[in-house]
Amino acid sequence: ITAHADGTRRLRSRCEMQEDDLLRDVFLCVDTHWRPVVAHVNLMVSGQFVGSSHYVFSEDIARIQSYTVRDGYHVQKTKLDRPPPSFGSHAVQNDAWFYAAFDQIRMGTHPGFLESVPITSKLPNGGDGPGIQFSRQQHRYVGDETIEVAAGQFETRHYEFIFDQWPSIHYWISGEDYLLVKCRWDHLKQTYELTQLDKTG
């Protein structure tokens with residue numbers, strides 16, 4: 001995560017899911033309101049190229065330029081009825097950034113919705129595309145918790161990503177950069193924990 005003087009942030013993420021033999025490289029830039037500006041996602045599965053897509057977002061348009069094994073070269077422009085509140089690339093740290101947008105609308109511990117969130121895939125592991133689809137996401141702030149992981153002890157905010165068809169995903173997030181400290185999803189029987197944290201600047 002790189003935080004810039006103008007308030008924008010950039011995420012560079014290498015996401016590896018060993019049980020699915022999946023490797024995803026993500027670059028994402030967000031503005032001062034945590035809304036996506038540009039993104040790039042490259043996907044490999046079982047050592048084979050699946051697809052690579054570049055995204056550009058404005059107040060009312062989402063543009064994607066992609067090359068995938070399934071669809072070949074493709075350019076798409078989608079009219080939006082509102083600025084996208086966040087972006088879903090299936091990198092777990094990217095998921096944590098949903099809550100920067102959610103915190104602007106939450107009311108206590110009541111569930112709330114993020115509308116028209118662009119995502120690269122609707123598969124639980126994000127293992128196709130990468131394309132562009134839009135989701136209506138239900139989230140809930142659970143409460144503040146102090147947790148211990150391999151990287152140390154952190155003061156976190158606990159959130160829940162609520163689904164109709166699957167168990168919820170639970171996230172423990174720390175600080176103004178919305179750093180993912182821990183994630184648990186029983187549907188995929190997966191727990192992610194922060195093991196090392198390096199700070200520069």
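Now for a look at the structure at hand. (Residues numbered from 1 in each chain as written. Predicted model: local features only at pLDDT ≥ 70, side-chain atom pairs only at ≥ 80, totals over all residues. Heavy atoms only, no water.)

Side chains bearing opposite charge may pair, as long as their charged atoms lie close to each other. Applying the stated criterion across every chain, the model contains 11 salt bridges. In this structure, Glu16 and Arg14 form a salt bridge, with 3.2 Å as the shortest nitrogen-oxygen distance. In this structure Arg14 comes out as exposed when scored by relative accessible area, which is 58%. Arg82 is the salt-bridge partner of Asp81, the closest N and O atoms lying 3.3 Å from each other. A relative accessible area of 63% places Asp81 in the exposed class. Residue class for Arg82 comes out partly exposed when judged on its relative accessible area of 39%. Each member of the salt-bridge network shares a partner with another, and the members are Asp31, Arg35 and Glu59. (Salt bridge = Lys/Arg side-chain N within 4 Å of Asp/Glu carboxyl O. Buried < 20%, exposed > 50% of the residue type's maximum accessible area, 1.4 Å probe, protein only.)

It is worth spelling out the sheet that holds strand β7 (residues 72-79) at this point. Taken in spatial order, the 7 strands of this open sheet run β1-β2-β3-β4-β5-β6-β7, and their pairing is antiparallel. Two strands bound the open sheet, and with one partner strand each, they are β1 (2-3) and β7. Pairing analysis gives 8 bridges linking strand β4 (residues 36-45) to strand β5 (residues 48-57), with the strands arranged antiparallel. Bridge assignment links Leu43 to a residue of β5, and that residue is Gly51. (Pairing = 2+ DSSP bridges. Helix = DSSP H or I, 4+ residues; strand = E, 2+ residues; numbered from the N terminus.)

On to the environment of Leu43. On the secondary structure map, Leu43 appears in strand β4. Along the sequence, Leu43 and Thr146 sit 103 residues apart, while their C-alpha atoms lie 35 Å from each other. If near-sequence neighbours (up to four positions away) are discounted, Leu43 is found in contact with Leu22, Leu23, Arg24, Gln48, Phe49, Val50, Gly51, Gly126, Gly127, Asp128, Gly129 and Pro130. (Contact = heavy atoms within 4.5 Å.)

Once that is clear, we can look at the sheet that holds strand β8 (residues 112-119). Pairing within the open sheet is antiparallel, and its 6 strands lie in the order β8-β9-β10-β11-β12-β13. With partners counted over all chains shown, the strands left at the sheet margins are β8 and β13 (190-193), one partner each. Shown here is a sheet whose adjacent strand axes are inclined to one another by a mean of 30 degrees, direction ignored. (Axes fitted to C-alpha atoms, helices over the stretch in contact; angles between N-to-C directions.)

Inspection of the secondary structure puts Pro118 in strand β8. In this structure Pro118 comes out as buried when scored by relative accessible area, which is 0%. Considered as a pair, Pro118 and Leu28 are 90 residues apart in the sequence and their alpha carbons are 13 Å apart. Beyond its immediate chain neighbours, meaning those up to four positions away, Pro118 contacts Phe57, Pro84, Ser86, Phe87, Gly88, Ile132, Gln133 and Phe134.

The next thing to look at is the pairing of strand β10 (residues 152-162). Taking burial as the measure, the 11 residues of β10 include 8 buried ones, the bulk of the element. Here strand β9 (residues 133-149) pairs with β10 via 11 bridges, running antiparallel. Considered in β10, the bridge of Gly143 is made with His158. Joining the antiparallel neighbours β9 and β10 is a turn of 2 residues.

Okay, the environment of Ala101 next. In this fold, Ala101 is placed in helix α2 (residues 98-102). The buried category is assigned to Ala101, whose relative accessible area is 7%. In this structure, the C-alpha to C-alpha distance between Ala101 and Phe87, residues 14 residues apart in sequence, is 10 Å. Those residues in contact with Ala101 that lie beyond four places of it in its chain are Pro85, Ser86 and Leu114.

It is worth spelling out a nonpolar patch on the surface at this point. There is a patch of nonpolar side chains on the surface, built from Phe49, Tyr67, Val69, Tyr73 and Val75 and spanning about 530 Å² of accessible area. When you line up the elements, Val75 lands in strand β7. (Patch = residues over 30% accessible without salt bridge, like charges linked within 9 Å, V, L, I, M, F, W, Y side chains within 5 Å. Areas by Shrake-Rupley, 256 points an atom, 1.4 Å probe, with all protein chains shown as cover.)

Formed by 41 residues in total, the largest nonpolar core has its most connected members in Tyr55, Tyr99, Tyr171, Ile173 and Tyr178. The dominant element in this core, judged by the number of residues it contributes, is α2, at 5 residues. If sequence neighbours within four positions are ignored, Tyr55 has contacts with Val37, Val38, Ala39, Val41, Arg63, Ile64, Phe87, Thr120, Pro130, Gly131 and Ile132. (Core = buried A, V, L, I, M, F, W, Y, C linked by side-chain atoms within 4.5 Å.)

Take it as geometry only, folks, not as evidence of what the structure does.
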